[in-house]
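Descriptive structure summary
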Amino acid sequence: MKAHLLSGTSVKQIEIVKVKDSTCLRYTDDVSVEEPLEIRIIYYLSGKKESKNISVTMRTPGNDPELAVGFLFTEGIITGNEQIKTICYPENACSKNSENSIIVELNESFVPELMKVERNFYTTSSCGVCGKASIESIKTVSIFKEHKKETTEVSLEILYQLSEKLQSFQNNFSITGGIHAAGIFDLEGNLLALREDVGRHNALDKLIGYALSANLLPLDNKILLLSGRASFELIQKAAMAGITTVAAIGAPSSLAIELAKEFDMTLLGFLRNNRFNIYHCGSHFKIENLL
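Report follows, based on the coordinates. (Residues numbered from 1 in each chain as written. Predicted model: local features only at pLDDT ≥ 70, side-chain atom pairs only at ≥ 80, totals over all residues. Heavy atoms only, no water.)

Looking at the packing of helix H1 (residues 64-74) against helix H7 (residues 232-240)
Filter applied, for reference: Axis lines are fitted through C-alpha atoms, for helices just across the contact stretch, and the angle between N-to-C directions can take any value from 0 to 180 degrees. Only DSSP runs of H or I covering at least 4 residues are called helices, and only runs of E covering at least 2 are called strands; the numbering of each starts at the N terminus. An angle below 35 degrees is treated as roughly parallel, one above 145 as roughly antiparallel, one from 65 to 115 as roughly perpendicular, and anything else as oblique. Contact criterion: two residues are considered in contact whenever any of their non-hydrogen atoms come within 4.5 Å of each other. Gly falls in the polar group here, along with every residue not listed as nonpolar (Ala, Val, Leu, Ile, Met, Phe, Trp, Tyr, Cys, Pro) or charged (Asp, Glu, Lys, Arg).
The contact between H1 and H7 brings their axes to 9 Å, and the two run at 90 degrees. Our classification of the angle between H1 and H7 gives roughly perpendicular. Taken together, the residues of H7 that come into contact with H1 (itself represented by Phe71, Phe73 and Thr74) are Gln236, Lys237 and Met240. Within the contact of H1 with H7, the residues separate by chemical class into 3 nonpolar, 2 polar and 1 charged.

What follows is the structure, given as structure tokens:
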């Protein structure tokens with residue numbers, strides 16, 4: 001079957017055969033692109049330049065610098081944008097290899113905690129937990145742990161609008177039907193930023209990487225909306241970014257609920273069609289007009 005990329009390399013058109021009842025029809029379909037991204041850091045130890053491959057993640061091409069920065073931040077390897085010197089793609093004879101690798105060079109004065117990335121890898125039902133060997137080791141202490149949480153008050157009407165708004169801005173999902181999104185809304189229901197990826201964890205890392213680069217963290221007094229289910233890993237990443245309210249169009253996992261309780265985060269699930277479930281209501285969170 002023939003295939004070619006559309007602009008932005010996030011969507012590919014392929015020729016398929018559609019079957020309905022006893023008939024078949026050739027058809028050109030749009031699918032989400034999935035390619036590996038190697039994240040590498042350069043740092044300085046005793047004045048000597050060192051290089052280390054941190055991760056290889058399967059992602060949708062696009063917003064790669066944000067993905068790399070968000071990943072390094074949510075994994076606790078960096079704690080601020082000021083620790084980054086440059087972000088670039090490597091010079092390589094093979095353009096495909098260059099596009100699928102990104103280098104984050106850290107400032108000479110900052111030495112990362114690389115013990116955080118010496119991990120054993122295992123598989124879960126979705127993307128895994130980014131290589132952490134145990135539940136205890138994944139409970140990374142957020143730099144916003146002591147940050148005072150503001151009262152977050154939102155109306156039912158605005159909450160009910162969020163899922164439809166997110167889907168209306170998901171350009172790649174509307175084309176392919178096979179991509180995840182993470183969006184940040186203010187308490188008036190305005191979409192502040194959205195990122196998409198075939199990996200739900202990558203979409204959130206891209207979003208947090210954008211917020212870190214724009215000096216918007218912590219994202220308290222905002223609402224994070226996830227297009228799918230809420231996994232433990234996504235709640236952990238949200239906690240690292242100082243997010244206190246998470247809503248998901250799908251279901252949360254049991255560990256996601258436990259972690260939300262540990263961080264006193266509000267966690268809503270199945271937010272669609274004028275309904276949702278409250279799995280944990282943080283002490284800071286209030287819903288107007290809720291009986």
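Looking at the packing of aromatic side chains
For the record, the criterion: Stacked, tilted and edge-to-face pairs are distinguished by plane angle, under 30 degrees for stacked and over 60 for edge-to-face with tilted covering the rest, among Phe, Tyr and Trp rings (Trp via its six-membered ring) whose centres lie within 6.5 Å. Only protein chains enter the calculation, and the probe is 1.4 Å; a residue is then buried if its accessible area is under 20% of its type maximum, exposed if over 50%, and partly exposed in between. Comment: the charge-over-ring label is applied if NZ (Lys) or CZ (Arg) is within 6 Å of the ring centre and within 35 degrees of the ring normal.
Going through the model one piece at a time under the given rule, you end up with 1 aromatic pair. A ring pair is formed by Tyr160 and Phe276, whose centres lie 5.9 Å apart and whose planes are at 55 degrees; its orientation type is tilted. Of this pair, Tyr160 sits in helix H4 (residues 156-169) while Phe276 sits in strand E14 (residues 275-280), and the two are 116 residues apart along the sequence. We classify Tyr160 as partly exposed; its relative accessible area is 27%. One cation-aromatic arrangement involves Arg195 over Tyr210; the distance from NZ or CZ to the ring centre is 4.9 Å.

Observations concerning the nonpolar core
Operational definition: Among buried residues, those of type Ala, Val, Leu, Ile, Met, Phe, Trp, Tyr and Cys that are joined through side-chain atoms within 4.5 Å constitute a nonpolar core.
Counting residues in each nonpolar core, the largest one holds 50 residues, and the members touching the most others are Ile78, Leu224, Ile235 and Val246. Beyond its immediate sequence surroundings of up to four residues, Ile78 is in contact with Val69, Leu72, Phe73, Gln83, Ile84, Leu106, Phe110 and Leu212. In this structure, Ala181, Phe185, Ala247 and Leu268 belong to the second largest nonpolar core, which totals 19 residues.

Thoughts on the pattern of salt bridges
In plain terms, the rule: By definition here, a salt bridge exists when the distance from a side-chain nitrogen of Lys or Arg to a carboxyl oxygen of Asp or Glu is within 4 Å.
Under the counting rule described, the total for this entry stands at 10 salt bridges. Here Arg40 ties to Glu38 by a salt bridge, and the two come within 3.1 Å at their closest N and O atoms. Salt bridges sharing common partners tie together Glu75, Asp205, Glu233 and Lys237.

Focus: the sheet that holds strand E7 (residues 101-106)
Applied cut-off: We call two strands paired when DSSP finds no fewer than two bridges between them.
Reading across from one edge, E5-E4-E7-E6 is the order of the 4 strands in this open sheet, with mixed pairing throughout. Pairing within the sheet leaves two strands with one partner each, and these edge strands are strand E5 (48-59) and strand E6 (84-88). The average angle at which neighbouring strand axes cross in this sheet is 20 degrees, direction not considered. Each of strand E4 (35-45), E5, E6 and E7 touches H1; the most contacted strand, E5, lies at about 105 degrees to it.

Any functional reading would require information that these geometric values do not contain.
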